[in-house]
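Observations on chain architecture
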Amino acid sequence: MSAADSSPPLLSVRGVETHYGKIIALRGVDLDVRSGEIVTLIGANGAGKSTLMMTICGNPRASAGTILFDGIDITRMPTHEIMRLRIAQSPEGRRIFPRMTVFENLQMGASITDLSHFDEDLERVYTLFPVLKKRSAQRGGTLSGGEQQMLAIARALMSRPRLLLLDEPSLGLAPLIVKQIFEVIGELNRVEGLTVFLVEQNAYHALKLAHRGYVMVNGSITMSGSGSELLAREEVRSAYLEGGRH
Ligand SMILES: Nc1ncnc2c1ncn2[C@@H]1O[C@H](COP(=O)(O)OP(=O)(O)OP(=O)(O)O)[C@@H](O)[C@H]1O
């Protein structure tokens with residue numbers, strides 16, 4: 001057991017339920033992310049992965065349970081206050097601003113209250129994703145899918161997050177681009193100790209990258225373990241690693 005295992009979790013989700021009207025999307029979810037970890041949540045389409053990520057960000061709100069971030073109860077906090085705690089989200093479908101340039105998109109990600117390290121942070125994301133520097137004056141909407149994903153992650157990084165939430169960064173991208181993006185996430189974690197919560201349908205890459213993983217089925221966590229343990233489990237292999245996905 002490493003030192004990180006005994007420290008209190010940075011993010012602690014306990015008994016969380018979320019509803020969309022009468023539909024119950026999350027059913028008593030328990031999950032932890034410790035500082036310095038990459039934790040992944042895998043599951044099929046519609047399992048509730050995005051709902052959990054959005055519930056952490058306060059929209060939709062949990063109808064039961066508790067979410068603590070660094071010991072602070074954020075369960076009923078408005079989203080903008082949660083973001084102020086430096087939780088940054090790169091949502092599913094990227095959602096960059098298509099009419100703004102790459103540079104303007106990155107500006108939108110930076111803290112509006114403290115611009116003292118803007119230049120340094122910009123240089124950092126341009127070093128991580130050199131293609132964004134090349135395209136800095138280009139409109140976001142004209143970028144390729146992979147470049148838009150890089151921009152979405154880079155924009156989230158501009159706020160110097162203590163926790164980075166990534167929703168399906170591999171969605172619709174060519175395997176080579178997925179590999180490149182996952183390498184950058186791994187490097188950010190190794191070199192800077194960035195804490196990452198990664199939601200993915202691409203279970204192979206996610207479990208390879210993550211220290212720990214959780215499996216979600218129909219709004220409930222059904223399995224958890226280290227990335228390598230889950231990758232080795234027959235139930236995971238047969239349900240989520242069907243031929244060709246990796
Ligand atoms: N805005 C909404 N209104 C009503 N039901 C919703 C809404 N968003 C999601 N759901 C339902 O909640 C359940 C969980 O959806 P969610 O998008 O969280 O799953 P997911 O695991 O992220 O799937 P995907 O990988 O397809 O995004 C599904 O049954 C979905 O139909």
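Conventions adopted
- The residue numbers shown here count from 1 along each chain, following its written sequence.
- At least 70 in pLDDT is required for a residue's local features to be given in this predicted model, at least 80 for side-chain atom pairs to be given and counted, and no such filter applies to totals for whole chains, interfaces and linings, which use all residues.
- Here a strand is any run of E in DSSP of at least two residues, a helix any run of H or I of at least four, and the numbering for each starts at the N terminus.
- Our radius of gyration looks at C-alpha atoms and nothing else; its globule reference is 2.2 Å times the residue count to the power 0.38.
- Put simply, a residue is buried when 20 or more other C-beta atoms lie within 10 Å of its own C-beta and exposed when 12 or fewer do; between those, it is partly exposed, and each C-beta is set from the backbone.
- Two residues form a contact once the distance between their C-beta atoms, set from the backbone, is within 7 Å.
- Here the bounds of each domain stem from an automatic or database domain assignment.
- Being paired, for any two strands, means DSSP has found at least two bridges between them.
- Being near a molecule or strand means, for a residue, that its C-beta atom, positioned from the backbone, comes within 6 Å of it.
- We call Asp, Glu, Lys and Arg charged. Ala, Val, Leu, Ile, Met, Phe, Trp, Tyr, Cys and Pro are nonpolar, and the rest, Gly among them, are polar.
- Angles run from 0 to 180 degrees between N-to-C directions of axes, and those axes are lines fitted to C-alpha atoms, restricted for helices to the stretch in contact.

Points about the overall build of the chain
- The helix and strand inventory of the chain stands at 11 helices and 10 strands.
- For 246 residues, the compact-globule formula gives about 18 Å, and the C-alpha radius of gyration of the chain, at 17 Å, lands near that figure.
- Principal-axis analysis of the C-alpha atoms places the extent of the chain at approximately 45 × 40 × 40 Å.
- In the chain, which comprises 246 residues, the proportion classed as buried is 40%.
- Pairs at least 24 residues apart make up 68% of the contacts formed inside the chain by residues separated by at least 6 positions.

Considerations on the domain arrangement of the chain
- Domain assignment breaks the chain into domain 1 (3–86 + 161–239) and domain 2 (96–160).
- A separation of 23 Å is found between the C-alpha centroids of domain 1 and domain 2.
- Tallying the contact residues gives 11 residues for domain 1 and 10 residues for domain 2.
- Sorting the residues of the side of domain 1 that touches domain 2 by element identifies strand E7 (163–167) and helix H8 (175–192) as the ones contributing at least two each.
- The greatest single-element share of the side of domain 1 that touches domain 2, amounting to 3 residues, is contributed by H8.

Comments concerning the pairing of strand E10 (residues 220–226)
- Of the strand pairs in this sheet, strand E9 (residues 212–217) and E10 are connected by 6 bridges, and their pairing is antiparallel. Along E10, the bridge assignment pairs Gly 213 with Gly 225.
- Here E9 folds back onto E10, and the loop between the two strands holds 2 residues, one of which, Asn 218, carries a positive phi near 50 degrees.

Some remarks on the site of the ligand
- Neighbouring the ligand are 13 residues, the closest being Tyr 20, Ala 25, Lys 49, Ser 50 and Thr 51.
- Those elements that provide at least two residues to the shell around the ligand are strand E2 (23–33) and helix H2 (49–56).
- A per-class count over the shell around the ligand returns 4 nonpolar, 7 polar and 2 charged.

A word on the sheet that holds strand E1 (residues 11–20)
- The 4 strands lie next to each other as E2-E1-E4-E5, forming an open sheet whose pairing is antiparallel. The open sheet has two edge strands with one neighbour each: E2 and strand E5 (72–73).
- When E1 meets strand E4 (residues 64–69), the two strands line up antiparallel, connected through 5 bridges. By the bridge assignment, Arg 14 is partnered in E4 with Thr 66.
- Across the sheet, H2 lies against E1, E2 and E4, angled at about 70 degrees from E2, the strand it touches most.

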